[in-house]
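One-letter residues, chain by chain:
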Amino acid sequence: MTTQPIDWDAIITELAGMEVITNANQLEKLSLDYYHFSPILQPKLANKRGNLVVRPTNEEEVQRVVQTCVRHQIPLTVRGAGTGNYGQCIPLEGGIILDTTSMNAIRWIRGDVACVEPGVKIIDLDREAKTQGWELRMYPSTYRTATIGGFIGGGSGGIGSITYGQLRDRGNVLAAKVMTMEDPPQRLELRGDDVQKVNHAYGTNGIITELEIALAPAYPWADTIVVFDEFMQAARFGQALSDADGLLKKLVCICADPIPSYFTPLKSHLPTGKHCALLMVAESSLEGLQDLIQEYGGEQTYCRTAQQPQKGLSLPEFTWNHTTLHARSIDPTLTYLQTFFFNLETVEEMYRHFGDEVPMHLEFLRVGGKAIPAGLQLVRFTTEERLNEIIRYHEERGALIANPHTYILEDGGRKVINPLQLAFKEKVDPNGLMNPGKMRAWLERQ
């Protein structure tokens, strides 16, 4: 990238006819995400800002932005609604922020496949699909505000993962159209396994301009709360429900006391000192669920069927990382981890060992065809050294930590270089202008 000063007034003139945002308050808002969930990332990212935001409405405008960036060697960071949690869309080196929220067309829904632009809100796509008898296979707890492109670029799974696994599993994301960071840019279509080149890549190697997403049959879902006297009793119930092939479910979330005390809008359904399960099950499975609740000694305290009015209470918005959001609204010193436990034995060991220092929060999902407990545990943060000790203790005992306290792509996930993503970046972003500083493979390449 150039070290020469950039004449931003000239850049704005070059982008005339497009929505360009320079207001300082808007720049701040559109430069950040929920990185403040991490006390490690807070000081590193708090002052990072883009120089301007461009909000294109179509591919032709995206192409103009790309050509301007390449011509002047300006960093480019792509964002959706900015609902990520570890700086995926925060520009480390300034430059232009490409806000995709105005590219929000649902191009078509044909059977169980939807073709959409990246800025489509997930809630809007899900609602439209349901008019045709389908629904999204999975979505984040930021369902109301997140965009589908942001979810693919920065997310990994969510509500629905108990049945359909993660975004990276074959068959969930079918295709992506990508614009390269060249002048002139190329328009590429990635299908099948090639989609993994840009899936969960933080927008470091191509601008997604269109997606094809597989849908699922729509069910009338019931939101249910079940409470338990003992945490492991709740956890074993969660595993049993997740393993019950005949019971249709979209969400199995288990929260240890005192986490339920942070759910202020649910307090009338959460007796003090109890551990809870927050569930979405198909209405046809409610009868079988009652038998399972009885078997594990639980008590159902809330049930809302699909026909009943929501009254502002959406149970999924207390699960996944919304659990952390609610907890931090009460105690902002709390942070969190992302953990694959793989089995309940490891869950119990960590629960007994850390106690109230790491309140246990489980989300069940399918990995390799098997339902496993994954953690979004809360952590009572004291020091970075202690946080690293907690992470190390988990890893030494077979748990996999997807570290949410780093903005480096590889360090936060599988801890290994992805040669597929690196090779694709070298091809489509030869100057390293896309979201620079986030991909270790690029930074360390020979």
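Residues numbered from 1 in each chain as written. Predicted model: local features only at pLDDT ≥ 70, side-chain atom pairs only at ≥ 80, totals over all residues. Heavy atoms only, no water.

(A) Structural view of the nonpolar core. Of all hydrophobic cores here, the largest spans 70 residues; its most connected members are Ile122, Ile148, Leu211, Ile225, Phe263, Leu266 and Leu278. The residues touching Leu211, leaving out its near neighbours within four places in the chain, are Ala114, Cys115, Val116, Ile148, Gly149, Ile152, Val173, Ala175 and Ala176. In terms of nonpolar packing, the next biggest core, distinct from the first, is built from 43 residues, Ile162, Ala222, Val226 and Phe341 among them. (Core = buried A, V, L, I, M, F, W, Y, C linked by side-chain atoms within 4.5 Å. Buried < 20%, exposed > 50% of the residue type's maximum accessible area, 1.4 Å probe, protein only. Contact = heavy atoms within 4.5 Å.)

(B) Region of interest: the packing of helix 11 (residues 344–354) against helix 12 (residues 384–396). For the pair helix 11 and helix 12, the least separation of the axes is 11 Å and the interaxial angle reads 150°. Judged by the angle between their axes, helix 11 and helix 12 are roughly antiparallel. You can see that helix 11 and helix 12 cross each other, and the crossing is right-handed. Across the interface between the two elements, Glu349, Met350, His353 and Phe354 of helix 11 pack against Arg386, Ile390, Tyr393 and His394 of helix 12. For the contact of helix 11 with helix 12, the class distribution of residues is four nonpolar, two polar and two charged. (Axes fitted to C-alpha atoms, helices over the stretch in contact; angles between N-to-C directions. Helix = DSSP H or I, 4+ residues; strand = E, 2+ residues; numbered from the N terminus. Parallel < 35°, antiparallel > 145°, perpendicular 65-115°, else oblique. Left-handed = near helix turned anticlockwise from the far one by under 90°. Nonpolar A, V, L, I, M, F, W, Y, C, P; charged D, E, K, R; others polar.)

(C) Here's a closer look at the packing of aromatic side chains. Using the criterion set out here, one finds 11 aromatic pairs in the structure. With centroids separated by 4.4 Å and ring planes inclined at 40°, the aromatic side chains of Tyr139 and Tyr143 adopt a geometry described as tilted. Like Tyr143, Tyr139 is buried. Ring centres 5.5 Å apart and planes at 70° place the aromatic pair Phe263 and Phe318 in the edge-to-face group. With Phe263 in the loop between strand 12 (249–255) and strand 13 (275–282) and Phe318 in the loop between strand 14 (299–304) and helix 10 (321–330), this residue pair connects regions lying 55 residues apart in the sequence. Considered together, Phe263 and Phe318 belong to a single accessibility category, that of buried residues. (Phe/Tyr/Trp six-rings, centres within 6.5 Å; stacked < 30°, edge-to-face > 60°.)

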